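So you can see what is in the structure, the chains are spelled out below.
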Amino acid sequence: MSVNQQAHTGPPYGQPQPGYQGYQQPAYGGQSLPGVPQSQYGAYNGPMPGYQQPVPPQGSLRAPPTSGAPPPASGASHPSGHLAYSPFEHGDVQNGIPASAAPMQRPPASQPFLPGSAPTPVSQISTFQQYGPPPASVQQLRNHMAGMTIGSTAASAPPPAGLGYGVGPSSYPPTTGAPRPPAMPGPPLTGQTVAGPPSSQPNHVSSPPPPSSMAGLHPGTPMSGLHGPPPPTHPPQPGYQMQQNGSFGQMRGPQPNYGGAYPGAPNYGSPPGPPPPPKRLDPDSIPSPIQVIEDDRNNRGSEPFVTGVRGQVPPLVTTNFLVKDQGNASPRYIRCTSYNIPCTSDMAKQSQVPLAAVIKPLATLPPEETLPYLVDHGESGPVRCNRCKAYMCPFMQFIEGGRRFQCCFCSCVTEVPPHYFQHLDHTGKRVDFYDRPELSLGSYEFLATVDYCKNNKFPSPPAFIFMIDVSYNAVKSGLVRLICEELKSLLDYLPREGNMEESAIRVGFVTYNKVLHFYNVKSSLAQPQMMVVSDVADMFVPLLDGFLVNVNESRTVIASLLDQIPEMFADTRETETVFAPVIQAGLEALKAAECAGKLFIFHTSLPIAEAPGKLKNRDDRKLINTDKEKTLFQPQTSFYNNLAKDCVAQGCCVDLFLFPNQYLDVATLGVVPYQTGGSIYKYAYFQLETDQYRFLNDLRRDVQKEVGFDAVMRVRTSTGIRATDFFGAFYMSNTTDVEMAGLDCDKTITVEFKHDDKLSEDSGALLQCALLYTSCAGQRRLRIHNLSLNCCTQLADLYRNCETDTLINYLAKYAYRGVLNSPVKTVRDALINQCAQILACYRKNCASPSSAGQLILPECMKLLPVYLNCVLKSDVLQPGPEVTTDDRAYIRQLVTSMDVAETNVFFYPRLLPLTKADVDSDSLPAAIRNSEERLSKGDIYLLENGLNVFVWVGVSVQQGLIQNLFGVSSFSQISNALSTLPVLENPFSKKVRSIVDMIQGQRSRYMKLIIVKQEDKLEMLFKHFLVEDKSLSGGASYVDFLCHMHKEIRQLLS
Ligand SMILES: [Zn+2]
């Protein structure tokens, strides 16, 4: 029997209650830095008796709801229920008998969310899975696919100019000699065709199948509206000529040449030779991410998500919704792969669905939501279970008139401390239930006692140390001057707590090349003093007093220093740098000051100067697709791992800003930032004019954002499961505690759970994430997040309550860690295999009987194939020739700390038709699917993935639109060197710029803006992100991959 299965009915905390005081929200005294969304930082008022009522923070940027956007014009109909794809059995040669040409129908947009509704097949697609002998081996398939690649549009394409994560178009010249990764081991797709009406599914009674969801297609018969894009082996099409009216998602008109691609009947039984060109499924008939996102917005965006009920699946991350905490943590803090988990280990293994939680303990909340209350139990500290040490939470059960409580995690009974005693009402609930956040809310904080502090001493406020590379490249590019200028104002915006007038954070400054320069900026000095340490082999800090100072007290001296630094090194000839000694210096300074803190290191090159941690250039693209490829992701020395360990012990978090002009070994330089919970930013080929805005925005946000120091996170669970694996930027010295020198509001930790016993349907399963950390004012706190999940004995319940976006977040992190130890191909194959098993298990155990040839996907996993394909063809797992080794290492580390919203848009970018935007409304234009065939040459599009924003301009865009957006009179005059859109006074320009600003505000990093003109060289770069298409690096198209997954599933079922 669980305590909180029903929604609470008590007063919400958002309303005035006796005993709550007004909650002061800091807004930096009303100041704001240009371009920086502010006010999310600095959550609390400091220690308070009891807790106080928050008011919304001021001035935070929040995107207007997008749910009002019009739905895409058309698409496949996917009513609630799974999709069924039905390839004919081998030899069932009905290729081309048109079953029905009835148009597809779309369910009403307002279709209710029915998580429990039985799946219904809505479409069947028959594919000929095999030609010739049955697929003998992956190698054979691979040969086929490789054969298919030759002569495709992709093969004849010019090499793209560098892609890059914030890399400029001119960066990283193409490495044309690079080995080409093998093609996606997809199935030999010979004869797919669209099949007849869905076979009846007697058990799926809740929603009848649509009248006729798919129609037949005769090969070679251009049937209006029902064919797909040209097959891959078709000669390159000039492109876009079929969609001159930009009719997204609508049935496309006939393509005259389509039939020509089919030279006759497939030669079944023939030896595998050059495969006949594949026919295509109609992309409109397969599950559409856009449709799923749109449906969720329509169905779940209007009502707040109230967390009182156990095991509720939250709205998707792409839906704007408000959360009301009524006993479970908000999905902004925790999302799970499934909200109903198998009772037994056997069941879990059978399904292969990973059980994982993606936890963002310090997540920023929208201004309308309530920040976690701070609970102060005084000297006695938080009440905890005697045995498992779980913290008091809504699921603890009070017994014996309130004198004892039984732990919801381990069942141990603990005495209630006298000061915490309270009577129970007739339902067994404490009468102070609604007065105590720890009894009624999913998330809250406790003020920690001295017992929770290092060496039993309350911590000092943390320090920030700015460490600037002043070697030749850094000075010459203008970077040093830029940083110094910026710091002069940025130092006034250090994070501060509650309504404190100034930040408690102290600051220090170091510059370096081959040697280090420390600065004494003590307030009593007239001028700053420099102390040089040239013995970098044994780093020490030459001054204690005057190195870490209060900004206000030392304002004049600091300003003078920041003025002088660019001048001092203006004529430097020093090109070599050190790196490890820089971190050591920061670490030693924090040690000496006995505080935690953060190092902001601005670094430009591979540290080749003689010093500990010296590196050599070991970049070798020839290793790609070999067993040694993993070494590209591994650090070249263990030196940095040891250094990271020392940093974590001190609470020294490292944020690294990189400005490389060539390889600088991100895999090695990133070790310390990564393991200390820090961030890495990379600006390849940094140019002041084009990149400074992006860099400064990132720096401002990074310096100002909410961060906890010296953090330890532990996740407790009900008896029956336990946390077994962890992914993210942290260090672990044992198997349970996730240690982070720093943890900011953007960092996410993914935790996997495994059974060690049985769970029960009655009690469900509970998670409690406890984060112990030091606030920016030096206060030691515990942040607690609780989540209750359902448990099931039927697999169908598991599959009805999964969240694919979270599943993908987990799978991507799992795979990205796998490349450190295994060949990339092994990792890709394992991913495919696991997902095939997940879907095969559903098919076998949950779907109603149907033709073996049908592909049946669970409703909440219908996007698993398309998203999985995006992970498989991502730059880490299948790099194109333009992706550098550093890019891959960078992306690998970045993704590992991403939350679910970030991985969602990173793997399946958002593509918006800007020319369809309503200039009179706040809404965004409806997104479209990431495929070239969805683009019209008469339109302008925006594509974003969290790191880059592309603005793609079609060749036939009206001159007036070009004039309004770019301020030039013709397509040819548009410069793709622009890094921002010109500010023009007309509605279209304003609308587009507001969309770009809105999207920038939603992301944790400032995205690089890249203008792409259709048919321009840069278009290759853009096409890389059209993830439903076949990729240049050999990644399969969505359609091909879906067929491949189907074949994998069938093999598992046979
Ligand atoms: Zn316990």
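Residues numbered from 1 in each chain as written. Predicted model: local features only at pLDDT ≥ 70, side-chain atom pairs only at ≥ 80, totals over all residues. Heavy atoms only, no water.

### Section: the overall build of the chain
- For the chain, the count of helices and strands is 22 helices and 31 strands.
- Burial analysis of the chain (1054 residues in total) assigns 64% to the buried set.
- Taking all contacts inside the chain whose residues are at least 6 apart in sequence as the whole, residues at least 24 apart take part in 78%.
- Entry remark: accessible area of the chain is about 36400 Å², with carbon and sulfur atoms responsible for 52%. (Helix = DSSP H or I, 4+ residues; strand = E, 2+ residues; numbered from the N terminus. Buried < 20%, exposed > 50% of the residue type's maximum accessible area, 1.4 Å probe, protein only. Contact = heavy atoms within 4.5 Å. Areas by Shrake-Rupley, 256 points an atom, 1.4 Å probe, with all protein chains shown as cover.)

### Looking at the sheet that holds strand β14 (residues 463-469)
- Pairing within the open sheet is mixed, and its 7 strands lie in the order β17-β16-β15-β14-β18-β19-β20. The open sheet has two edge strands, β17 (529-533) and β20 (680-682), and neither has a second partner. Strand-to-strand, the axes of this sheet are offset by a mean angle of 20 degrees, without reference to chain direction.
- Relative to strand β15 (residues 506-512), β14 runs parallel, the two being bridged by 7 bridges. Bridge assignment links alanine 463 to a residue of β15, and that residue is arginine 506.
- The strands touched by helix α6 (residues 479-490) within the sheet are β14, β15 and β18 (597-603), with β14 carrying the most contacts at an inclination of about 155 degrees. (Pairing = 2+ DSSP bridges. Axes fitted to C-alpha atoms, helices over the stretch in contact; angles between N-to-C directions.)

### Things to note about the pattern of salt bridges
- The final tally for this structure, using the stated rule, is 50 salt bridges.
- Residues aspartate 710 and lysine 454 are paired through a salt bridge, measuring 3.1 Å at the closest nitrogen-oxygen approach. Taken as a pair, aspartate 710 in strand β21 (residues 707-717) and lysine 454 in the loop between β13 (443-447) and β14 lie far apart in primary sequence, 256 residues in all.
- Owing to a relative accessible area of 39%, lysine 454 belongs among the partly exposed residues under this scheme.
- A single network of salt bridges, built from pairs that share partners, joins Lys598, Asp655, Arg701, Asp702, Lys705, Asp744, Asp746 and Lys747. (Salt bridge = Lys/Arg side-chain N within 4 Å of Asp/Glu carboxyl O.)

### A few points about unusual backbone geometry
- Phi is positive for lysine 389, which is not a glycine, with a value near 70 degrees.
- Secondary-structure assignment places lysine 389 in the loop between β9 (374-375) and β10 (397-399).
- One non-glycine residue, asparagine 625, adopts positive backbone phi at about 65 degrees.
- Within the secondary structure layout, asparagine 625 lies in the loop between β18 and α9 (639-650).

### Considering the coordination of the zinc ion
- Looking at the metal site, the zinc ion is ligated by Cys385 (SG), Cys388 (SG), Cys407 (SG) and Cys410 (SG), spaced 2.2 to 2.3 Å from it.
- Its 4 donor atoms give the zinc ion angles of 102 to 115 degrees at the centre, a pattern that matches the tetrahedral case.
- As a motif over one chain, the donors of the zinc ion read C-x2-C-x18-C-x2-C. Of the two residues examined, cysteine 407 and cysteine 410, each falls in the buried class. (Donors = N, O, S within 2.8 Å, 3.2 Å for Na, K, Ca; no water. Tetrahedral: all angles 85-135°; square planar, octahedral: opposite > 155°, others 65-115°.)

### Re a nonpolar patch on the surface
- Together, Met530, Val532 and Met568 make up an exposed nonpolar region whose accessible area comes to about 240 Å².
- One can find methionine 568 in helix α7 (residues 555-568). (Patch = residues over 30% accessible without salt bridge, like charges linked within 9 Å, V, L, I, M, F, W, Y side chains within 5 Å.)

### What about the packing of α6 against helix α12 (residues 688-704)?
- Close contact between α6 and α12 brings their axes to 11 Å; oriented N to C, the two are set at 40 degrees. For α6 against α12, the interelement crossing comes out right-handed. For the pair α6 and α12, contact is made by Leu479, Leu482, Ile483, Glu486 and Leu490 and by Leu688, Gln692, Phe695, Leu696, Leu699, Arg700, Val703 and Gln704, respectively. (Left-handed = near helix turned anticlockwise from the far one by under 90°.)

### Brief notes about the pairing of strand β29 (residues 940-944)
- For β29, the buried fraction is high: 5 of the 5 residues fall into the buried class.
- Of the two faces of β29, the one holding Ile940, Leu942 and Glu944 and the one holding Tyr941 and Leu943 are both buried throughout.
- The pairing of strand β28 (residues 910-913) with β29 spans 4 bridges and is antiparallel. Residue pairing for β29: arginine 910 is matched across the bridge by glutamate 944.

### Concerning the sheet that holds strand β11 (residues 404-406)
- The strand order across the open sheet formed by 3 strands is β10-β11-β12, and the pairing between neighbours is antiparallel. At either end of the open sheet lies a strand with only one pairing partner, and these are β10 and β12 (413-415). Mean inter-strand twist for the sheet, computed between neighbouring axes without regard to direction, equals 35 degrees.
- Relative to β11, β10 is paired through 3 bridges, and the arrangement is antiparallel. Bridge assignment links phenylalanine 398 to a residue of β11, and that residue is phenylalanine 405.

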